[in-house]
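Structural description and commentary
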Amino acid sequence: MLFDTLAYWLFFAVVLAAYAALDTRRARVLLVVASYFFYAVWDVRFCLLLGGATVANYLFGTWIDALDGAARRRAVSVAIAANLALLGFFKYFNFFVESFAALCGLPADSLTLRIVLPVGISFITFEGIAYVVDVYRRDLRAVRKPLDFALFVSFFPHLVAGPIIRPVDFLPQVGRPFVLADDSARWGLREILKGLFKKLALANYLAPIADACFGNVPYDGVDVPAWTGVLAFSLQIYFDFSGYTDIARGCARLLGYRFPPNFERPYLSTSITEFWRHWHISLSTWLRDYLYIPLGGNRRGVARTYANLLVVMGLGGLWHGASWNFAAWGVYHGVLLALHRALRQRIDAWGWARIVDSPSVAPLWMLLTFVLVTVGWVPFRAPDFTSTLATLKALCAPPDVAFVSAHPGTVIILVGSLAWCLLDRHRRLQAWFVERAPWPAAALAVGLAGLAIEFCAYVDQQIPFVYFQF
């Protein structure tokens, strides 16, 4: 049940109408039941996994909360190990078996298992770990009401592709009386429409171009130049994932819940460090708070700091999928973060900060960061190392203008999509819609936005959200 299908919006309309008519407790029961139904549509067997993870982490939290000292540390270690074992079995068992078999020259077919990867398992696991660790750190008390905890884990807007919701952010909102204020209704509707436009009109249009490039097949009879295909994917993954997040946040707000932002104009970043403060914020902050800082962060010397960056980003890359390509993408970003940190320290020591941070050179750093991030998407999107190296090699070749001549409209859309990421005027229009527009004007804006989505939507094929695979 995808966010960009009629079936989902009929489901959401029924849930929203029933939710608004029920008292607080029954409304929570409704949301849990609706969330399990939403998950069962993918595969009813997944509900057993979701229910098991919910019960286990609820009990882990209660257990940890009742202990102190060394016993408390052992309990949280068991809880983390159990969550990682769940993720490791379903997502990485065959991957590591195949890697071991290849290393030893053994046939992998007889060693692997036929495992169905449950959708959203990476997000479910990380939220479970965040909960038990927060209880261990005494950032929150263990949840005593099973219904409240079940809602935190299963709440359908963030269930299958995030964002990763922190228990300290979500749980205090549970049980509040539902009141859909005017600004919340406008805000939620705006985010949903914005997300649908990003996904249907932009990401879905760019996806076949990227697929043709990385699949080494023609696009409408013309080969896609490497830079065109890589740029198309760089924009596709932003519009696809941020569009999903917009829809998730909009649906949650209409149901009375607030999700934190997950993207804040990342392609306007002037450094790789700033990029990771604005891209997939829920993941980057999770890696920082639950992995980087526990490993020692930057408190144990320069060498340890750089090693921590490489380890954390490498594991963050592998979190995206069971492939060494994802690990390579993560290590690549770890190297960039380490280099930026070292360079920044030298700049400050030499007294060059005023020159480097001057607004006049900011566009140069923005362009450099965008290029480095875009090149980094090559191992993320490529199916294997061979394709990665071939694409990187093709990026160094002279540009081919045949594609531009054959598809000038596609090039215009590419440039327009990039401009969407860079310009600020549409953000002012969004603020007007939420804060100042009278309802007749707001209704007209909604109608025009719906027509724009219908007119611009790429419907030649059903293209799933990129992050559903993680």
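For the structure, check the block above.
Residues numbered from 1 in each chain as written. Predicted model: local features only at pLDDT ≥ 70, side-chain atom pairs only at ≥ 80, totals over all residues. Heavy atoms only, no water.

**Details of the packing of aromatic side chains**
- Enumeration over the complete set of coordinates arrives at 58 aromatic pairs.
- The side chain of Lys199 reaches across the aromatic face of Phe465, ending 4.7 Å from its centre.
- The residue whose ring lies beneath Arg253 is Trp187, and the NZ or CZ to ring-centre distance is 4.0 Å. (Phe/Tyr/Trp six-rings, centres within 6.5 Å; stacked < 30°, edge-to-face > 60°. Lys NZ or Arg CZ within 6 Å of the ring centre and 35° of its normal.)

**Section: helix H8 (residues 182–215)**
- Helix length check: H8, at 34 residues, gives a terminal C-alpha distance of 47 Å against a target of 50 Å (1.5 Å per residue), a fit within 8%.
- Most of H8 sits out of view: 29 of its 34 residues are buried.
- Following H8 by one or two positions, Asn216 has its phi on the positive side, about 55°. (Helix = DSSP H or I, 4+ residues; strand = E, 2+ residues; numbered from the N terminus. Expected span 1.5 Å × (residues − 1). Buried < 20%, exposed > 50% of the residue type's maximum accessible area, 1.4 Å probe, protein only.)

**Side note on the pattern of salt bridges**
- Under the defined criterion, the tally for this structure stands at 16 salt bridges.
- Between Arg144 and Asp65 there is a salt bridge, with its nearest N and O atoms 2.9 Å apart. Taken together, the residues span a long stretch of sequence, with Arg144 in the loop between helix H5 (121–136) and helix H6 (146–154) and Asp65 in helix H3 (residues 46–65) at a distance of 79 residues.
- What makes Asp65 buried here is its relative accessible area of 11%.
- For Asp357, the salt bridge is made with Arg344, and the minimal N-O distance between the two is 2.8 Å. Taken together, the positions of Asp357 in the loop between helix H14 (353–356) and helix H15 (362–381) and Arg344 in helix H13 (residues 324–350) put the pair 13 residues apart, joining distant regions of the chain.
- Taken together, the shared-partner salt bridges in this structure form one network comprising Asp65, Arg141 and Arg144. (Salt bridge = Lys/Arg side-chain N within 4 Å of Asp/Glu carboxyl O.)

**What to know about the nonpolar core**
- Core analysis: the biggest nonpolar cluster contains 132 residues, and Tyr131, Tyr257, Trp279 and Tyr467 have the highest contact counts within it.
- In this view, Tyr257 contacts Tyr19, Leu31, Leu151, Phe155, Phe170, Gln173, Val174, Gly175 and Ala252; residues no more than four positions away in its chain are not counted.
- Core analysis: the second largest hydrophobic core is formed by five residues, Trp187, Phe433, Val434 and Ala442 among them. (Core = buried A, V, L, I, M, F, W, Y, C linked by side-chain atoms within 4.5 Å. Contact = heavy atoms within 4.5 Å.)

**Thoughts on unusual backbone geometry**
- Positive phi values are uncommon outside glycine, yet Arg138 reaches one of about 65°.
- Positionally, Arg138 belongs in the loop between H5 and H6.
- Residue classification places Arg138 among the exposed positions, given a relative accessible area of 52%.
- The phi angle at Arg265 is positive, at roughly 50°, despite the residue not being glycine.
- Following the sequence through the fold, Arg265 ends up in the loop between helix H9 (226–254) and helix H10 (272–278).
- Judged by relative accessible area, which is 24%, Arg265 ranks as partly exposed.

**Side note on a nonpolar patch on the surface**
- A cluster of nonpolar residues, Leu310, Val331, Val335 and Leu339, forms a patch on the protein surface that exposes about 300 Å² of accessible area.
- Take the nonpolar patch: its biggest share by element is three residues, from H13.
- Positionally, Val331 belongs in helix H13. (Patch = residues over 30% accessible without salt bridge, like charges linked within 9 Å, V, L, I, M, F, W, Y side chains within 5 Å. Areas by Shrake-Rupley, 256 points an atom, 1.4 Å probe, with all protein chains shown as cover.)

**Points about the packing of H5 against helix H11 (residues 281–292)**
- Relative orientation of the contacting elements H5 and H11 amounts to 40°, with a least axis distance of 12 Å. Taken together, the axis directions place H5 and H11 in an arrangement best described as oblique. As H5 packs across H11, the resulting crossing turns out to be left-handed. Note on element contacts: H11 touches H5 through Leu283, Trp286, Leu287 and Tyr290, opposite Phe126, Ile129, Ala130, Val133 and Asp134.
- Tallied by class, residues from the contact of H5 with H11 come to eight nonpolar, no polar and one charged. (Axes fitted to C-alpha atoms, helices over the stretch in contact; angles between N-to-C directions. Parallel < 35°, antiparallel > 145°, perpendicular 65-115°, else oblique. Left-handed = near helix turned anticlockwise from the far one by under 90°. Nonpolar A, V, L, I, M, F, W, Y, C, P; charged D, E, K, R; others polar.)

**Focus on the side chain of Thr374**
- Looking at the secondary structure, you find Thr374 in helix H15.
- Side-chain polar atoms of Thr374 contact the side chain of Ser234, separated by 3.3 Å.
- In contact with Thr374, not counting residues within four places along its chain, are Trp227, Val230, Leu231 and Ser234. (Polar contact = N/O pair within 3.5 Å; in protein donor to acceptor, adjacent residues only side chain to side chain.)

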